[in-house]
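# Residue-level structure breakdown
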Amino acid sequence: MTFLWPEVLWLLLAAPALIGVYLLLLRRKKKRVLRYASLAIVRNAMGAGQRVRRHIPPFLFLLALIALLVAVARPTATITLPSQYETIILAMDVSGSMRATDVAPSRIVAAQEAARAFVADQPASARIGVVSFAATASVVQPPTRNREDILAAIDRFQLQRGTAVGSGILVSLKTIFPDVEFDLRASNPRDDAQRGGVPLDKAGASGKAAPKPAEPGSYASAAIILLTDGQTTTGPNPMEAARMAAERGVKVYTVGIGTANGEILGSEGWSMRVRLDEESLKTIAGITHGEYFYASNSADLKKVYESLNTRIALETRQTEITALLAAAAAIVALISAFLSVLWFNRIL
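Below is a summary of the structure that appears in this document. (Residues numbered from 1 in each chain as written. Predicted model: local features only at pLDDT ≥ 70, side-chain atom pairs only at ≥ 80, totals over all residues. Heavy atoms only, no water.)

### Quick word on the sheet that holds strand E7 (residues 251–257)
Read across the sheet, six strands follow the order E5-E4-E3-E6-E7-E10 without closing on themselves; strand pairing throughout is mixed. Strand pairing shows two members of the sheet lacking a second neighbour, strand E5 (137–144) and strand E10 (292–295), which therefore form its edges. On average, each strand axis in the sheet is inclined to that of its neighbour by 15 degrees, with strand direction left out of account. Where strand E3 (residues 87–93) and strand E6 (residues 222–228) come together, six bridges link them in parallel fashion. What sits directly across from Ile 88, in E6, is Ala 223. In this fold helix H5 (residues 107–121) packs onto E3, strand E4 (127–133), E6 and E7, with an angle of close to 170 degrees to the strand it touches most, E3. Here helix H6 (residues 147–155) sits on the sheet and contacts E3, E4 and E5; the angle it forms with E5, its principal contact strand, is near 165 degrees. (Pairing = 2+ DSSP bridges. Helix = DSSP H or I, 4+ residues; strand = E, 2+ residues; numbered from the N terminus. Axes fitted to C-alpha atoms, helices over the stretch in contact; angles between N-to-C directions. Contact = heavy atoms within 4.5 Å.)

Okay, here's the thing in structure tokens:
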């Protein structure tokens with residue numbers, strides 16, 4: 001636990017002072033009672049249970065006071081709370097390598113099945129959008145609460161050549177922030193010459209001043225889940241795209257699919273080995289304060305999406321708990337007053 005106003009914790013010195021005052025009052029009360037009755041009569045009138053019970057309400061009141069004094073210092077703690085994600089973007093790799101069968105029945109089919117299950121588990125209030133990417137990226141389904149439209153979008157994926165992970169991230173960001181213009185062109189020198197693109201670190205938002213960067217992972221209204229099975233072969237630098245997401249506080253959860261050795265694919269006289277670039281996916285997740293998951297088969301992939309569902313529904317974050325402590329103090333104080341009235345017909 002940390003405190004936003006630690007300098008006011010000195011107020012806790014009032015607690016031992018109050019204990020001292022309470023003990024002093026007890027001694028004075030005891031002397032006053034002994035003036036009119038012998039010690040034996042007093043002990044016979046008050047059993048052991050009664051003597052202990054009379055200290056319980058003041059003790060509870062002291063605990064309530066300490067909790068209030070700690071609350072004044074504005075404590076924060078890392079706790080798990082229901083997330084507030086209103087929009088979830090599923091960014092799915094539809095490059096040709098997704099037809100590989102090392103993940104049965106194929107990578108793309110396994111990804112579609114896992115995505116369908118994930119969508120079915122989301123609350124009705126969640127808006128889900130679908131982005132597909134190969135050499136380029138496009139919005140297959142804008143964010144919506146209509147589950148039939150989302151599932152239909154997942155079913156109509158068509159495999160294409162190339163893998164542009166950076167484009168997938170940027171189009172997903174554009175879907176979340178439609179009023180911001182992101183440069184979706186290439187960001188490496190070779191592709192810049194071919195496509196006329198500009199580096200992402202020089203790309204602005206419609207000539208306007210760039211917004212003040214947010215704390216990575218702090219945007220609580222949307223998240224991106226990106227699934228891919230290969231390496232970036234074209235398009236924007238995915239690390240720069242991840243930094244743009246981080247600057248807007250959007251978490252990118254990355255999912256890698258495929259076996260460790262990959263698979264050799266061939267078509268029309270050519271062949272190539274498709275491998276998963278795990279390091280890049282881990283870096284993307286790290287930059288945005290998301291998380292990386294790996295699935296080597298369809299069963300693993302379903303478990304990954306189940307785990308993602310838990311992380312989307314519940315989020316662990318640093319949160320101020322002043323209100324929680326104040327509420328607890330109020331409840332304890334009320335219990336103290338109730339017991340005092342019940343046992344002694346007075347409040348403390």
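### Quick notes on the environment of Gln 122
With respect to the helices, strands and loops of the structure, Gln 122 is situated in the loop between H5 and E4. Owing to a relative accessible area of 8%, Gln 122 belongs among the buried residues under this scheme. Sequence separation between Gln 122 and Thr 310 is 188 residues, and the spatial gap between their C-alpha atoms is 9.9 Å. There is a polar contact of 3.4 Å between the side chain of Gln 122 and the backbone oxygen of Phe 118. (Buried < 20%, exposed > 50% of the residue type's maximum accessible area, 1.4 Å probe, protein only. Polar contact = N/O pair within 3.5 Å; in protein donor to acceptor, adjacent residues only side chain to side chain.)

### Comments concerning the side chain of Asp 93
With respect to the helices and strands, the residue Asp 93 is situated in strand E3. Of the side chains with opposite charge, Arg 107 lies nearest to the buried Asp 93, which makes no salt bridge, at 7.5 Å. One polar contact links the side chain of Asp 93 to the main-chain amide nitrogen of Ser 95, over a distance of 2.7 Å. Side-chain polar atoms of Asp 93 contact the side chain of Thr 228, separated by 2.5 Å. Other than its neighbours up to four places away in sequence, Asp 93 contacts Met 98, Ile 108, Phe 133, Thr 163, Leu 227, Thr 228, Asp 229 and Gly 230. (Lys, Arg positive; Asp, Glu negative; His and termini not counted. Salt bridge = Lys/Arg side-chain N within 4 Å of Asp/Glu carboxyl O.)

### Side note on helix H4 (residues 56–72)
Along its 17 residues, H4 runs 25 Å from first to last C-alpha, staying within 8% of the 24 Å computed at 1.5 Å per residue. Along H4, the residues that are buried comprise Pro 57, Leu 60, Leu 62, Ala 64, Ala 67, Leu 69, Val 70 and Ala 71. Arg 74, located one to two residues past H4, shows a positive phi value of around 55 degrees. (Expected span 1.5 Å × (residues − 1).)

### Describing the pairing of E4
Of all seven residues making up E4, six are buried, and the element is well covered by its neighbours. Examined bridge by bridge, E3 and E4 share seven bridges and lie parallel to one another. In the sheet register, Met 92 faces E4, and the bridge partner there is Ser 132. One crossover worth recording links E3 to the parallel E4 by way of H5, and it is right-handed. (Right-handed = clockwise from strand over helix to strand, strands pointing away.)

### Describing the pattern of salt bridges
Once their charged atoms are close, side chains differing in charge can pair, the charge on each being opposite to the other. Counted under the stated rule, the structure contains six salt bridges. Two residues, Arg 107 and Asp 229, come together in a salt bridge whose shortest N-O distance is 2.6 Å. Pair noted here: Arg 107 is in helix H5 and Asp 229 is in the loop between E6 and helix H9 (238–247), with a separation of 122 residues, a long-range link. We note a salt bridge from Glu 240 to Arg 243, for which the minimum N-O separation is 3.4 Å. Residue Glu 240 and its partner Arg 243 are located together in helix H9, separated by three residues, close to a single helical turn.

### Observations concerning the packing of H9 against helix H10 (residues 278–287)
Two numbers describe how H9 lies on H10: the axes approach to 8 Å, and their chain directions differ by 20 degrees. The angle between H9 and H10 falls in the class roughly parallel. Considering the relative orientation of H9 and H10, their crossing is right-handed. Residues Pro 238, Met 239, Ala 242, Arg 243 and Ala 246 of H9 form the contact with H10, whose own contacting residues are Ser 280, Thr 283, Ile 284 and Ile 287. Considering only residue class, the contact of H9 with H10 consists of six nonpolar, two polar and one charged. (Parallel < 35°, antiparallel > 145°, perpendicular 65-115°, else oblique. Left-handed = near helix turned anticlockwise from the far one by under 90°. Nonpolar A, V, L, I, M, F, W, Y, C, P; charged D, E, K, R; others polar.)

### A look at the packing of helix H7 (residues 165–176) against H9
For the pair H7 and H9, interaxial distance at closest approach is 8 Å and the crossing angle is 20 degrees. One finds that H7 runs roughly parallel with respect to H9. In this structure, the crossing between H7 and H9 has a hand that is left-handed. Contact residues: H7 offers Val 165, Gly 166, Ile 169, Leu 170 and Leu 173, while H9 offers Pro 238, Ala 241, Ala 242, Met 244 and Ala 245. Split by residue class, the contact of H7 with H9 holds nine nonpolar, one polar and no charged.

### A word on the nonpolar core
Within the largest apolar cluster, 33 residues are counted, with the highest numbers of intra-cluster contacts made by Leu 90, Ile 225, Leu 227, Leu 301, Tyr 305 and Leu 308. When residues of this core are traced back to their parent elements, those giving at least two are E3, H5, E4, H6, E6, E7, E10 and helix H11 (298–313). Looking at which element gives the most residues to this core, the answer is H5, with seven residues. For Tyr 305, the contacting residues outside a window of four places in its chain are Leu 90, Met 92, Ala 114, Ala 115, Phe 118, Ile 225 and Leu 227. Counting 28 residues, the second largest nonpolar core, distinct from the first, contains Val 131, Leu 170, Ala 222 and Met 244. (Core = buried A, V, L, I, M, F, W, Y, C linked by side-chain atoms within 4.5 Å.)

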